[in-house]
Amino acid sequence: MNVLNFVSAFFSDSAHWHGYDGIPTRLWEHVQYSLEALAFATAIGLPVGLVTGHYGRGGNVLSLVATAARALPTFGLLVVTTIVLGFGMLPVMIPLVILAVPPILVTTYEAVRSVDPSPVDAARGMGMRETDVLLRVELPVALPLIFGGMRSAAIQIVSTATIAAYVSLGGLGRYIVDGLYQHDYEKVVGGAALVAGLALVTLAVFWAATAAAVSPGVRRSN
């Protein structure tokens, strides 16, 4: 039985569309985990990236921290946090946030640093405060790259949030973990297909958000 047959059998089974283990329920759980992790990662990485990028300091430190964070094994970190903190959402959120912060942080820093210094100098010459220079001059120009970093982080989170199932939580990873345990490869392939589909939807959402938030002039210049 090939992969397409597994996928077809999984989605055509009406039992997979109802109840606590149904696709709508598991999909919504996965989206919730992903949104929560992305919100925490953005709240950490975006302000730090903006401020350090604006002042041009700490770039080497950020690169070092980002490289170290990327080197951490997500599943191993999940095991450690679960042992220390017990079962629950917090042990899942910690590795997901650590995974997502580096692309947001580094990309935001680089995006701000890549802004043409001429309008920045002009804004300072007009007497604008540093906060206004950052938010009204640098941020609008840097926005496409910043969205790119957030998109990368979101895709990584969506793909990795399946680890929640390993500590008895829900999400699409439930199909993969339970399917492997039960030797139900139809369920494993179906769960993987759902994760891949959600990743594609995430790409589309960020494409639409970038198109809506970034001014046409900035999009053309990039």
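Structural notes, computed from the coordinates.

Criteria and cut-off values
Residues numbered from 1 in each chain as written. Predicted model: local features only at pLDDT ≥ 70, side-chain atom pairs only at ≥ 80, totals over all residues. Heavy atoms only, no water. Helix = DSSP H or I, 4+ residues; strand = E, 2+ residues; numbered from the N terminus. Buried < 20%, exposed > 50% of the residue type's maximum accessible area, 1.4 Å probe, protein only. Areas by Shrake-Rupley, 256 points an atom, 1.4 Å probe, with all protein chains shown as cover. Lys, Arg positive; Asp, Glu negative; His and termini not counted. Charge placed at Lys NZ, Arg CZ, Asp CG, Glu CD. Core = buried A, V, L, I, M, F, W, Y, C linked by side-chain atoms within 4.5 Å. Contact = heavy atoms within 4.5 Å. Phe/Tyr/Trp six-rings, centres within 6.5 Å; stacked < 30°, edge-to-face > 60°. Axes fitted to C-alpha atoms, helices over the stretch in contact; angles between N-to-C directions. Parallel < 35°, antiparallel > 145°, perpendicular 65-115°, else oblique. Left-handed = near helix turned anticlockwise from the far one by under 90°. Nonpolar A, V, L, I, M, F, W, Y, C, P; charged D, E, K, R; others polar. Salt bridge = Lys/Arg side-chain N within 4 Å of Asp/Glu carboxyl O.

## Some points on the overall build of the chain
Within the chain one finds 10 helices and zero strands. Listing every helix and strand of the chain by position from the N terminus yields α-α-α-α-α-α-α-α-α-α. For the chain, the C-alpha atoms occupy an extent of roughly 65 × 40 × 25 Å along the three principal directions. Taken across its 222 residues, the chain has 45% of its residues classed as buried. Put simply, the chain shows about 11600 Å² of open surface, and 67% of that area lies on carbon and sulfur atoms. Taking the average location of the 12 positive side-chain charges in the chain and that of its 13 negative ones, the two points are 9 Å from each other.

## Observations concerning the nonpolar core
Residues L38 and L96 are the most contacted members of the largest nonpolar core, which totals 38 residues. Only α2 (23-55), α5 (89-113), α6 (117-125) and α7 (130-160) provide two or more residues apiece to this core. Residue contacts for L38: discarding those within four places in its chain leaves I104, M150, A153, A154, I157 and F206.

## Digging into the packing of aromatic side chains
Counted by the stated rule, this structure contains four aromatic pairs. Here the aromatic rings of F11 and W17 are separated by 6.3 Å at their centres, their planes lie at 45°, and the arrangement is tilted. Its relative accessible area of 39% is what places W17 among the partly exposed residues. Here F75 and Y166 contribute two aromatic rings whose centre-to-centre distance is 5.1 Å and whose plane-to-plane angle is 75°, an arrangement assigned as edge-to-face. One end of the pair, F75, is in helix α4 (residues 74-85); the other, Y166, is in the loop between α7 and α8 (173-182), and 91 residues separate them in sequence. The exposure class of Y166 is partly exposed, given its relative accessible area of 43%. An aromatic cluster is built from F10, F11, W17 and Y175, whose rings are joined through pairwise contacts.

## Brief notes about the packing of helix α3 (residues 59-71) against α5
Interhelical geometry of α3 versus α5 gives an angle of 155° and a closest axis separation of 9 Å. If you check the angle between α3 and α5, you find them roughly antiparallel. Crossing hand, α3 versus α5: left-handed. Between α3 and α5, the residues in contact are G59, L62, A66, A69 and R70 and I98, P102, P103, L105, V106 and Y109, respectively. A breakdown of the residues in the contact of α3 with α5 according to their chemical character gives nine nonpolar, one polar and one charged.

## Comments concerning the pattern of salt bridges
If you walk through the whole model with that rule in mind, you get five salt bridges. Among the ionic pairs, R26 bridges to E29, the shortest N-O distance being 3.0 Å. Taken together, the residues R26 and E29, both in helix α2 and three residues apart, mark about one turn of the helix. Judged by its relative accessible area of 19%, E29 is buried. Between R129 and D132 there is a salt bridge; the shortest N-O distance is 3.4 Å. We classify R129 as exposed; its relative accessible area is 60%. Judged by relative accessible area, D132 falls into the buried class, the value being 19%.

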